[in-house]
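Observations on the three-dimensional arrangement
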Protein chains: 2
Amino acid sequence: MRFSRLYGIGVGPGDPELLTLKAYKALMEVDMIVAPRSREDKRSWALLTIEGVIKERESEPRVVEPVFPMTKDQAKLDFYWEKARKEVLEKGVGCETMAFVTLGDPSLYSTFYRFLEVFKDSVDEVEVIPGVTSFSACSSIAKVPIAEGNEIVSIVPDARTKNAPRVIGSSDSLIFLKPKNTVEIKNMLGNKKAVLGVKVGFKDQEMLTGKLSEIKEKTRYLATLIVKKEPQDYESESDFC
Amino acid sequence: MRFSRLYGIGVGPGDPELLTLKAYKALMEVDMIVAPRSREDKRSWALLTIEGVIKERESEPRVVEPVFPMTKDQAKLDFYWEKARKEVLEKGVGCETMAFVTLGDPSLYSTFYRFLEVFKDSVDEVEVIPGVTSFSACSSIAKVPIAEGNEIVSIVPDARTKNAPRVIGSSDSLIFLKPKNTVEIKNMLGNKKAVLGVKVGFKDQEMLTGKLSEIKEKTRYLATLIVKKEPQDYESESDFC
């Protein structure tokens, strides 16, 4: 079982209109679509984003929705990856091309490169198509730039890691993806201006802006938090470091 | 002179196929396009990116290419911004809608929000359309992810600013846009893996990968440098801080 081409496609933040022309064209003609989801009882967010494109097609593509659970349990991960591998190879019989779709962009925190590692010996060519990130979408909707001039921007997935406080203390703007550690983040940046987007790009998106300490906690899956410092914020910089 | 709508459009990194569907549709129907360029004798990179879209249109839009020089000289900036303001208002007579196009994404280091500040009283509605960044494009072409898991990514426009060394020392991946300070960056990160993209997305793009110290210096305008650390790189972390 061999595929002539594997696409790694960033479908953007959830709004189907934020697909790139390149992604749209690839999705209109690919033989099989692989869409990751985090749990057996959930749909794939990336697949939801491209549902309309799939409906536009004359011939339906095969669709596989393997589960990639968010866990550090290696035995569990190995089990699900092996299951996904078999599923893709079984469903892919007769397919020339396949696309792995990922929310946002494949370069940032996507499962795509792990998928590529698993399938690299089963494909002839690989093409990665970049996508719009959730933080760009969040900034666009709030109409607040993330950075200008010489400002440093840092993306911090987990505020409890060893280096996070130093990066948080020395950056001008911060992006927290799926912020789980809002208590820690609020302790460090509570008085700063913030924009919180939940399910940005999807129909039920929510945008909250204001001082970070005043923003009601949202711990749901698709959340992006942008925090901007002002020049005067650097007086207390040493608090963080 | 009043516009009903101003679009701030991120046209992506330079490849016209990386326009979003939303940006494409807006550009197909907008009355006037404002495309910034850095010098009188240069074309606008954003306009080059959308040339094909403009040619597809039945009616040509009005196009203004004001100069926004890259300078800190306030008198010079004021002169050019006033010139741009007049040009847009003069050429815009009879136009309902205008789009300001920006390479990459409006949220990161774009002139768009300064433009919005100048024109906010001359427009009824504002819509910002996010775009694919140069670093996402760079990562896609190199097929190297920027970050996975809990890795911290920082975007550093100028490695000589006060906080830059601390951020560089504590981040797992670094993105340098238009890297001017390659000597400083090489001193700090020379032995790390790097990807340098020049004019990524344009026809004459160049991609260089390898150890940062071995990559020949490129100081041209549209360069994006991604540097990735490996776990063992943290042994010498204290060198930076």
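Residues numbered from 1 in each chain as written. Chains lettered and ligands numbered in written order. Predicted model: local features only at pLDDT ≥ 70, side-chain atom pairs only at ≥ 80, totals over all residues. Heavy atoms only, no water.

Focus: the interface of chain A and chain B
Think of interface size as the accessible area that goes away when the parts come together; that is how it is often given. Listed by partner, the interface residues are 56 residues for chain A and 56 residues for chain B. Roughly 4,700 Å² is buried in total at the junction of chain A and chain B, and carbon and sulfur atoms are behind 58% of that figure. When the buried surface of chain A facing chain B is broken down by residue, E17, L21 and N150 of chain A rank first, second and third, together holding 13% of it. Counting across the chain A and chain B interface gives 4 salt bridges. Among the ionic pairs, E17 of chain B bridges to K25 of chain A, the shortest N-O distance being 3.0 Å. If you look at where chain A meets chain B, you find 27 residue pairs in polar contact (both at pLDDT 80 or more). Counting residues per element, the side of chain A that touches chain B draws most heavily on helix α5 (residues 134–142) of chain A, at 5 residues. Per-class residue counts for the side of chain A that touches chain B are 28 nonpolar, 13 polar and 15 charged. (Contact = heavy atoms within 4.5 Å. Buried area = accessible area lost by both parts, 1.4 Å probe. Salt bridge = Lys/Arg side-chain N within 4 Å of Asp/Glu carboxyl O. Polar contact = N/O pair within 3.5 Å; in protein donor to acceptor, adjacent residues only side chain to side chain. Helix = DSSP H or I, 4+ residues; strand = E, 2+ residues; numbered from the N terminus. Nonpolar A, V, L, I, M, F, W, Y, C, P; charged D, E, K, R; others polar.)

As for the relation of the copies chain A and chain B
You can overlay chain A on chain B at an RMSD of 0.0 Å; the transform is a turn of 180° with a shift of 0.0 Å along its axis. As the rotation angle and translation indicate, the two copies are arranged about a two-fold axis. (Least-squares fit on C-alpha atoms with pLDDT ≥ 70 in both.)

A look at the pattern of salt bridges
Overall, the coordinates contain 28 salt bridges over all chains when judged by the stated rule. Across the salt bridge formed by R5 of chain B and E127 of chain B, the nearest N and O atoms sit 2.5 Å from each other. Residue R5 of chain B is located in strand β1 (residues 3–10), and its partner E127 of chain B is located in strand β5 (residues 123–129); the two are separated by 122 residues in the primary sequence. Across the pair D204 of chain B and K199 of chain B runs a salt bridge, and its minimum N-O distance is 2.7 Å. Assessed through its relative accessible area of 43%, D204 of chain B is described here as partly exposed. Owing to a relative accessible area of 17%, K199 of chain B belongs among the buried residues under this scheme. Overlapping salt bridges, with partners in common, bring together R5, E125 and E127 of chain A in one network. (Buried < 20%, exposed > 50% of the residue type's maximum accessible area, 1.4 Å probe, protein only.)

Considering helix α7 (residues 182–189) of chain A
Residues and elements named next belong to chain A. Residues of α7 that are buried: T182, I185, K186, M188 and L189. Down the axis of α7, the buried set is contained in an arc of 165°. They therefore lie on one face. Of the residues in α7, the exposed ones pointing more than 90 degrees away from the buried face are V183 and N187. On its buried face, α7 sits against α6 (164–170), β7 (173–177) and β10 (223–228). (Arc of directions from axis to C-beta.)

Some points on unusual backbone geometry
One non-glycine residue, K199 of chain A, lies in the positive phi region at around 50°. With respect to the element layout, K199 of chain A can be found in the loop between β8 (193–198) and β9 (206–211). Here the phi dihedral of Y109 of chain B falls at roughly 60°; this positive angle occurs in a residue that is not glycine.

Quick word on the sheet that holds strand β3 (residues 62–64) of chain A
Residues and elements named next belong to chain A. With parallel pairing, 5 strands are arranged side by side in an open sheet as β3-β2-β4-β1-β5. With one partner strand each, in any of the chains shown, β3 and β5 (123–129) form the two edges of the open sheet. Between one strand axis and the next, the sheet turns by 20° as a mean value, whatever way the strands run. Pairing between strand β2 (residues 32–34) and β3: 3 bridges, direction parallel. Paired with V34 across the two strands is V64, which belongs to β3. (Pairing = 2+ DSSP bridges. Axes fitted to C-alpha atoms, helices over the stretch in contact; angles between N-to-C directions.)

Thoughts on the nonpolar core
I9 of chain A together with I9 of chain B are the most contacted members of the largest nonpolar core, which totals 40 residues. Of all the secondary-structure elements, those providing two or more residues to this core are β1 (3–10), α1 (21–29), α2 (45–56) and β4 (97–102) of chain A together with β1, α1 (21–29), α2 (45–56) and β4 (97–102) of chain B. What I9 of chain B contacts, discounting residues up to four positions off in sequence, is A23, A26, L27, A99, F100, V101, T102, P106 and I129 of chain B. Grouped together as the second largest cluster of nonpolar side chains are 27 residues, F135, A137, V153 and V195 of chain A included. (Core = buried A, V, L, I, M, F, W, Y, C linked by side-chain atoms within 4.5 Å.)

Some points on the confidence of the model for chain A
Residues and elements named next belong to chain A. For chain A, mean pLDDT is 91; residues scoring 70 or higher make up 93% of the total. Across residues 235–241, confidence stays below pLDDT 50; counting only partners more than four residues off in sequence or on other chains, it has 12 contacts. Scoring of the predicted complex yields 0.94 for pTM and 0.93 for ipTM. (pLDDT = per-residue confidence, 0-100.)

Some remarks on the packing of helix α3 (residues 74–91) of chain B against helix α4 (residues 112–119) of chain B
Residue and element names in this part refer to chain B. Where α3 meets α4, the axes come as close as 11 Å, and the angle between the chain directions of the two elements is 65°. Regarding the angle of α3 to α4, the classification is roughly perpendicular. Handedness of the α3/α4 crossing: right-handed. Together, W81, A84, R85, V88 and L89 of α3 and R114, F115, V118 and F119 of α4 make up the contact between the two elements. Residues belonging to the contact of α3 with α4 are distributed by class as follows: 7 nonpolar, no polar and 2 charged. (Parallel < 35°, antiparallel > 145°, perpendicular 65-115°, else oblique. Left-handed = near helix turned anticlockwise from the far one by under 90°.)

Topic: the sheet that holds strand β2 (residues 32–34) of chain B
Residues and elements named next belong to chain B. Pairing is parallel across the open sheet formed by 5 strands, whose spatial order is β3-β2-β4-β1-β5. Each end of this open sheet is capped by a strand with a single partner; those strands are β3 (62–64) and β5. The average angle at which neighbouring strand axes cross in this sheet is 20°, direction not considered. Against the sheet, α1 makes contact with β1, β2, β4 and β5, and its axis sits at roughly 140° relative to β1, the strand it touches most.

Remarks on the packing of aromatic side chains
Inspection of every chain in the model, using the stated rule, returns 16 aromatic pairs over all chains. Between F68 of chain A and F100 of chain A, the aromatic rings sit 6.4 Å apart at their centres with planes inclined by 45°, giving tilted as the arrangement. Highlighted residues: F68 of chain A in the loop between β3 and α3 (74–91) and F100 of chain A in strand β4, separated in sequence by 32 residues. Residue class for F68 of chain A comes out buried when judged on its relative accessible area of 8%. Each ring, one from F79 of chain B and one from Y80 of chain B, has its centre 5.1 Å from the other, and the planes form 85°; the classification is edge-to-face. Through successive ring pairs, a cluster of aromatic residues spans F68, W81, F100, F112, Y113, F115 and F119 of chain A. It is R114 of chain A that lies over the ring of W81 of chain A; its NZ or CZ is 4.7 Å from the centre. (Phe/Tyr/Trp six-rings, centres within 6.5 Å; stacked < 30°, edge-to-face > 60°. Lys NZ or Arg CZ within 6 Å of the ring centre and 35° of its normal.)

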